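Single-letter residue listing:
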Amino acid sequence: MTDPHSSNNHSQRSSHEGSEGSADSRLVEAHSQLAKNKEEPSEGFSSLPIIIVFLFCGFGFWAGVYLTRNAGGFSANTFDLDAPRLVADSGPKEFEADLAKGQTLFLQQCAACHQATGLGVPGAFPPLAGSPWPVGNDERIIKIVLAGLAGEIEVKGAKYVGNMPNIGAGLKDAQVANIVSYVRSAWGNSAGTVSDVKVAEVRKAIGGRGQYSPKEILDAHPLETK
Amino acid sequence: MSQSYSSRGSVSRIDDSISVPVRLFIFSSLIWLLVASVLGVIVAAKLQVPSFMGECPWFTYGRIETLQRNAFIYGWASNALFALNLWIMSSLARFELKSSWLPVLGGVVWNLTLSYGLIQVLLGQLNGFALLEMPKEVAPALVVAFMFAALWPAVAFARRPTGNVFVSQWYIIGATFVFPVIMVIAQLMLLWCPTLGAMQALVHSWFYQNLILLWLGGSALSAIYYFIAKESGRTISAYYLAAVGFWTYFLFASWTGPATLLGGPIPVWLQSVGVVAALMMLVPTVILVVNFVGTLAPRNGIVQSWNNTTLRFVLVGVVGFTLSALLNIAFSTRSLNALVHFTQFSQAQEHLAIYSFVSMVIFGAAYYILPRLTGSFWPSAKLVHLHFWSCTAGTVLFVVAGLTQGWAAHGRTDFAFSALPGLLAAALLLVGHSAFVLNALGMLTAESAPSNRRSY
């Protein structure tokens, strides 16, 4: 590799033979000529203008189509591409648990302790997969998600001293319903989904209370299976 | 003494007339570059070990990262671009600056204002808009200082002796007019009379993209055009396309802001317009790459460029620009954007633009301008090599680490982010920048006796 220092010196000397300024005016002059003249075929870019014109027209066409389809009617009140379809449906909608949304929420809110696999962490956080706690009577898991659970519990033969916070208190009814429905149907669990109406009822019934103790929740809703 | 005199080049009268302001800008930019590089290492170290210097509120991540970003963009890049724009425009337009104290005044005010603002940030007086974090009285002072420091290229352009114009001049004029406009509008709508809620995010995204792509990017593109034509001695290939490239670049780049807010609480048609603008950036990108690569590639030009210090840095800058532009285009589409939004991926994209592209071009330009400005040579060739290789390695490492980690993080919650490559990259950049600053300061201070300068 040539020493950049010496090559720099070289270029400096050569450019100083003529004055710096006149070299710049030659540069401007030459390019002004180029801009006025058509391209020289010998440059090897002779087909470029045609290709580029077609390419750019194609872009322009695509942009128009994309905007028409994805602009939500250019309404200042449309914030979501799915929104117009929802508005088109008339009447109050029946709640349907969305397991994909439930999974996303679970990963954000619950997976730090219970893990994405639902297996928990042995000795620290109880599993949800195959556990009798989330399945069966849906009020038990809704109450735990809404108010939290603190104390010693036994899950699948192992003891856990947990301190689960009231995660659901900060979520909407539909979000809690989606999380609970996901937990009740993922990893081989097979229990029915719950609706946002049910969550709202439970939330109203328990009020702004603190965490449940294991005894309290099991007295209200005993485990259906061991 | 006589020997050293003979080894010195002469300084032309044009260079002489802008010598003082250009020196001031370059000197300030060098100091800010060092500050930003040291802060960059601290920021990277805090990402790896969050408790590092954590006891002192001055060195909490939020303040240090803000400090680093502002010092880099307003201190290093902007000061250096003041110098570059003034120098390139004066050379091309045969302009002699009569009252050089005006840009000097502007430069002094700019740097004092910036120092004041950054000290306030260090003390905890900062607001939440990236690159507008400094207290709100700083922004108008920056605009005024900019008017004094950076509007001279426009004067030079207006007074050019012939009607002929080179593409570099368009980009400089465009970039010079963009900065005050976006700065005034953004500070009015965000700091002085804030607009409502989500509208602020929109204004900010517009300001941010314009600052990076048009002020920094536009100025750097002008330098690429100039040094490629000048150092290779060739005319720009497919030059007739350059005008289309210029207008489409400035038209579409200024609209790309909303594409960074996909999924945010702004009307969906604005997001779609942002996506369209971002994808239409393909037009200027294709033209610019054809111009640059088409000029350099034929007749063994890449090898020749590699052996020229300026063009070697500019080559890395061209690669940085191309990659950054293509990634911005691809990852502005809704489907791909959803995968990497809020990850290290976007950090790496930004680094590509402001470092691999803009800063590398500035380095290359400095290697051309400083010898002609001072009439002396670079003191050490070894330091030039050290500068090039550590900065290139550092920027490649940072970008590759950021892109791969950002991509790996999507849709996963068990993803552990490793800041080690970033720390290593920041250290490499610090080494390279120290070498560069040492070399450049040696040059700026060694040359002192006025007898060494020939005036005609």
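Predicted model only: the values in this text are computed from it and were never measured.

A. Quick peek at the overall build of chain B. Within chain B, the regular secondary structure consists of 17 helices and 0 strands. The globule rule puts the C-alpha radius of gyration for 456 residues at 23 Å, and the 21 Å found for chain B is close to it. In terms of principal-axis extent, the alpha carbons of chain B reach across some 70 × 55 × 45 Å. Residues counted as buried form 55% of the 456 residues belonging to chain B. Intrachain contacts of chain B at a sequence separation of at least 6 include 84% that bridge at least 24 residues.

B. Quick peek at the nonpolar core. Formed by 162 residues in total, the largest nonpolar core has its most connected members in Ala77, Ile224 and Val361 of chain B. The biggest single contributor to this core is helix α8 (residues 197-232) of chain B, with 20 residues. The two domains that each donate at least three residues to this core are domain 1 (7-164) and domain 2 (298-456) of chain B. Aside from chain neighbours lying at most four places away, what touches alanine 77 of chain B is Phe72, Leu216, Ile354, Val358, Ser359 and Ile362 of chain B. One finds Cys110, Ile144, Ala147 and Val176 of chain A within the second-largest nonpolar core, a separate group that totals 24 residues.

C. View of the domain arrangement of chain B. Residues and elements named next belong to chain B. For chain B, the assigned domains read domain 1 (7-164) and domain 2 (298-456). Just the C-alpha atoms count here: the centres of domain 1 and domain 2 sit 18 Å apart. Across the boundary between the two partners, domain 1 contributes 29 residues, which contact 31 residues of domain 2. Where the side of domain 1 that touches domain 2 is concerned, the elements lending two or more residues are α2 (13-48) and α3 (61-93). Take the side of domain 1 that touches domain 2: its biggest share by element is 19 residues, from α2. For the side of domain 1 that touches domain 2, the per-class residue count stands at 17 nonpolar, 7 polar and 5 charged.

D. Highlighting the pairing of strand β2 (residues 158-164) of chain A. Residue and element names in this part refer to chain A. Bridging between strand β1 (residues 149-155) and β2 involves 7 bridges; their strand directions are antiparallel. Counted as the bridge partner of glutamate 154 is lysine 159 from β2. Turn length for the β1-β2 hairpin, with the two strands adjacent in sequence and antiparallel, is 2 residues, and the turn residue lysine 156 shows positive phi of about 50°.

E. A look at the domain arrangement of chain A. Per the domain assignment, the segments of chain A are domain 1 (44-92) and domain 2 (99-220). Summarising the inter-unit geometry, the C-alpha centres of domain 1 of chain A and domain 2 of chain A are found 43 Å apart.

F. How the structure looks around the packing of α3 of chain B against helix α7 (residues 167-192) of chain B. Residue and element names in this part refer to chain B. Two elements in contact, α3 and α7, have axes whose closest approach is 10 Å; the angle formed by their N-to-C orientations is 135°. On the basis of the axis angle, α3 is oblique to α7. Helix-helix and strand crossings are classified by hand; for α3 and α7 the assignment is left-handed. For the pair formed by α3 and α7, the contact residues are Asn85, Ile88, Met89, Leu92 and Ala93 on the first element and Ser168, Gln169, Ile172 and Thr176 on the second. For the contact of α3 with α7, the class distribution of residues is 5 nonpolar, 4 polar and no charged.

G. View of the environment of leucine 438 of chain B. Residues and elements named next belong to chain B. The topology assignment puts leucine 438 in helix α17 (residues 420-446). Judged by the 17 C-beta atoms lying within 10 Å of it, leucine 438 falls in the partly exposed class. Placed 55 residues apart in sequence, leucine 438 and leucine 383 show a C-alpha to C-alpha distance of 8.2 Å.

Rules and cut-offs
Residues numbered from 1 in each chain as written. Chains lettered and ligands numbered in written order. Predicted model: local features only at pLDDT ≥ 70, side-chain atom pairs only at ≥ 80, totals over all residues. Helix = DSSP H or I, 4+ residues; strand = E, 2+ residues; numbered from the N terminus. Rg over C-alpha atoms; globule rule 2.2 N^0.38 Å. Buried ≥ 20, exposed ≤ 12 C-beta atoms within 10 Å, placed from the backbone. Contact = placed C-beta atoms within 7 Å. Core = buried A, V, L, I, M, F, W, Y, C linked by C-beta atoms within 7 Å. Domains from an automatic or database assignment. Nonpolar A, V, L, I, M, F, W, Y, C, P; charged D, E, K, R; others polar. Pairing = 2+ DSSP bridges. Axes fitted to C-alpha atoms, helices over the stretch in contact; angles between N-to-C directions. Parallel < 35°, antiparallel > 145°, perpendicular 65-115°, else oblique. Left-handed = near helix turned anticlockwise from the far one by under 90°.

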